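Structural characterization, general
Letter by letter, the chains look like this.
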Number of protein chains: 2
Amino acid sequence: MKDDQPNPRPQTRIQQRNRQTILEAALEVFSAYGFRGATLDQIAAEAGLSKPNLLYYFASKEAIHLELLSGLMDTWLDPLRAMNPDGEPTAEILAYVRRKLEISRDFPRESRLFANEILQGAPRMQPALEGDLKSLVDEKCALIRGWSDAGRIAQIDPYHLIFSIWALTQHYADFDVQVRAVLGPGHDPFAEADRFVETLYQRLLKT
Amino acid sequence: MKDDQPNPRPQTRIQQRNRQTILEAALEVFSAYGFRGATLDQIAAEAGLSKPNLLYYFASKEAIHLELLSGLMDTWLDPLRAMNPDGEPTAEILAYVRRKLEISRDFPRESRLFANEILQGAPRMQPALEGDLKSLVDEKCALIRGWSDAGRIAQIDPYHLIFSIWALTQHYADFDVQVRAVLGPGHDPFAEADRFVETLYQRLLKT
DNA sequence: TGTTGATTTGACCATCTGGTCAAGATAAGC
DNA sequence: GCTTATCTTGACCAGATGGTCAAATCAACA
């Protein structure tokens, strides 16, 4: 996201590789144990580096965590940004749902990291929530309201419609153990979820 | 749940009161910071007791946490247990949704404690999930499937129907900060959610 | 009131944890 | 190969944290 130019910081190949390795390891550990539950030793072990070496690449434990979180917000917002005002309303909303569910399936650790942060009151993300997130949601909700006012989808509160999409799709990543425990073996929760949410939102939005 | 008889352990009034005070304080702290993020000193301060005194009433930090979790499961299952096979299907399901949302509104700390535990892989609850929870859900899903096979509600996967109820209702407790950040001031998320989920499930279940 | 058992706590301990530092190993340019 | 800048680490530190313990305080009851 930053340091794309060769100037500001040299960013040798070793630096690039090791910072990446560390972030990957930190994601694994933070998403499983939360910020305070994770230790630098765990992350170092996961990354195959020594603890002082971690701190050569990142100023502190908090700095690693922040870097992960800031990288997250964009991944989070992109699918919603992609909702096209000129598309067919139901198709656009369903595409958003499907895309969000794919993200839960493919990036469950990121989803849990995010959930951990919000659960604990979002101490490091509140500004982003009230800023970028809110304004994007406001914009898309205006769009959705336009669609329902024009009778192209059923009348529904657009904000809570979006909340429901977040809740449903993230549930399969964040509560994975519970879902699997209840379904028992021999199930593909995400495949089933895909069919379920499609049905749900089609019935909800049908005029 | 245990020690209802006066015999096994005396349980003086002081003991009863202090154990309760400690559990209340621990709920506050654990739900806000997670198990590892919470400290005995924090809990002691919140309870207005000294740390050694906590450990006079509970064997360890873990013991406090376990007691909270075990108390939780029942509160969690009760609304689902209350689903009446002889009632009107849509009304029964909507009542369940409403009851679950009330719990999110009235016991958000319990909801977050639970979410924290599941998020981190449910290390201390997996047996309960695969046991009591699964069998109750299996039972109620059979019931719901009966309803939809009889044409009394629309065809829908009962397991994912229940997951959707959990996801939606708990979202308002667990992601409270996010919901409020997006809605902005002047909203009552739970009141709005109540209307939203009612609409959603009515449209989903209508034959 | 004296005695006994329950309750409370200050002082303490071992371990863990985030972080530092100086010295050594390695890679890169000349 | 030599020099310089980058990278790596063993040893260490200060503070936090879960937990212990003996001694002190309190409550109840004979």
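Here's the deal with the protein's contact with DNA strand D
The environment of DNA strand D is formed by 18 residues, the closest being A:T12, A:Q15, A:Y57, B:L40 and B:K61. When the atoms of DNA strand D within 4 Å of the protein are sorted by group, sugar and phosphate make up 58%. In the environment of DNA strand D, a phosphate oxygen lies 3.0 Å from a nitrogen or oxygen atom belonging to the side chain of A:R36. In the model, a phosphate oxygen of DNA strand D is placed 2.8 Å from a nitrogen or oxygen of the B:K61 main chain. Among the elements of the structure, helix 1 (13–37) and helix 3 (51–57) of chain A together with helix 3 (51–57) of chain B are those that each provide at least two residues to the surface near DNA strand D. Tallied by class, residues from the surface near DNA strand D come to 8 nonpolar, 7 polar and 3 charged.

Let's talk about the interface of chain B and chain A
Contacts between the two partners involve 54 residues from chain B, matched on the other side by 54 residues from chain A. Taking both partners together, chain B and chain A bury about 4700 Å²; carbon and sulfur atoms supply 69% of that area. Between the two partners, chain B and chain A, sit 0 salt bridges. Elements represented by at least two residues in the side of chain B that touches chain A include exactly helix 1 (13–37), helix 6 (108–119), helix 7 (126–149), helix 8 (158–174), helix 9 (176–183) and helix 10 (189–205) of chain B. Across the side of chain B that touches chain A, the residue classes tally to 30 nonpolar, 15 polar and 9 charged.

So, the protein's contact with DNA strand C
Close contacts around DNA strand C come from 18 residues, with A:L40, A:K61, B:T12, B:Q15 and B:Y57 the closest. Expressed as a percentage, the sugar and phosphate content of the atoms of DNA strand C within 4 Å of the protein is 59%. One nitrogen or oxygen atom from the side chain of B:R36 is found 2.9 Å from a phosphate oxygen belonging to DNA strand C. Every element with two or more residues in the surface near DNA strand C is listed here: helix 3 of chain A together with helix 1 and helix 3 of chain B. A breakdown of the residues in the surface near DNA strand C according to their chemical character gives 8 nonpolar, 7 polar and 3 charged.

Focus on the packing of aromatic side chains
Enumeration over the complete set of coordinates arrives at 12 aromatic pairs over all chains. Between A:F163 and A:W166, the aromatic rings sit 5.7 Å apart at their centres with planes inclined by 50°, giving tilted as the arrangement. Residue A:F163 and its partner A:W166 are located together in helix 8 (residues 158–174), separated by 3 residues, close to a single helical turn. Classification of A:F163 by relative accessible area gives buried; the value is 1%. With a relative accessible area of 4%, A:W166 lands in the buried category. Judged by centre distance (6.3 Å) and plane angle (55°), the ring pair of B:Y172 and B:F190 falls under tilted. Residue B:Y172 is found in helix 8, and its partner B:F190 is found in helix 10; the two are separated by 18 residues along the sequence.

Observations regarding helix 6 (residues 108–119) of chain A
Residues and elements named next belong to chain A. Here helix 6 spans 16 Å end to end across 12 residues, near enough to the 16 Å set by a 1.5 Å rise per residue. Taken residue by residue, helix 6 has E110, S111, R112, L113, F114, A115, N116, E117, I118 and L119 as its buried positions. Directly after helix 6, the chain includes G121, whose backbone phi takes a positive value near 90°.

Things to note about the nonpolar core
Among the nonpolar cores identified, the biggest contains 143 residues, and A:L161, A:Y201, B:L161 and B:Y201 are the most heavily contacted of them. Ignoring any residue separated from it by four or fewer positions in sequence, one finds A:L161 in contact with A:I93, A:I144, A:I156, A:Y201, A:L204, A:L205 and B:F196.

Digging into the confidence of the model for chain A
Close reading of the predicted structure is inappropriate where its pLDDT is low. All names here are of chain A. Summing up the model confidence of chain A, the mean pLDDT is 93 and the portion of residues at 70 or higher is 95%. Residue range residues 1–9 is modelled with pLDDT below 50. Its contacts to residues more than four positions away, or to other chains, number 4 contacts. Interface confidence for the predicted complex, expressed as ipTM, amounts to 0.91; the pTM equals 0.92.

Notes on the side chain of A:Q170
By secondary structure assignment, the location of A:Q170 is in helix 8. In this view, A:Q170 contacts A:W76, A:K100, A:S104, A:S111, A:F114, A:F175 and B:F175; residues no more than four positions away in its chain are not counted.

Procedures and definitions
- Residues numbered from 1 in each chain as written.
- Chains lettered and ligands numbered in written order.
- Predicted model: local features only at pLDDT ≥ 70, side-chain atom pairs only at ≥ 80, totals over all residues.
- Heavy atoms only, no water.
- Near = heavy atom within 4 Å.
- Polar contact = N/O pair within 3.5 Å; in protein donor to acceptor, adjacent residues only side chain to side chain.
- Helix = DSSP H or I, 4+ residues; strand = E, 2+ residues; numbered from the N terminus.
- Nonpolar A, V, L, I, M, F, W, Y, C, P; charged D, E, K, R; others polar.
- Contact = heavy atoms within 4.5 Å.
- Buried area = accessible area lost by both parts, 1.4 Å probe.
- Salt bridge = Lys/Arg side-chain N within 4 Å of Asp/Glu carboxyl O.
- Phe/Tyr/Trp six-rings, centres within 6.5 Å; stacked < 30°, edge-to-face > 60°.
- Buried < 20%, exposed > 50% of the residue type's maximum accessible area, 1.4 Å probe, protein only.
- Expected span 1.5 Å × (residues − 1).
- Core = buried A, V, L, I, M, F, W, Y, C linked by side-chain atoms within 4.5 Å.
- pLDDT = per-residue confidence, 0-100.

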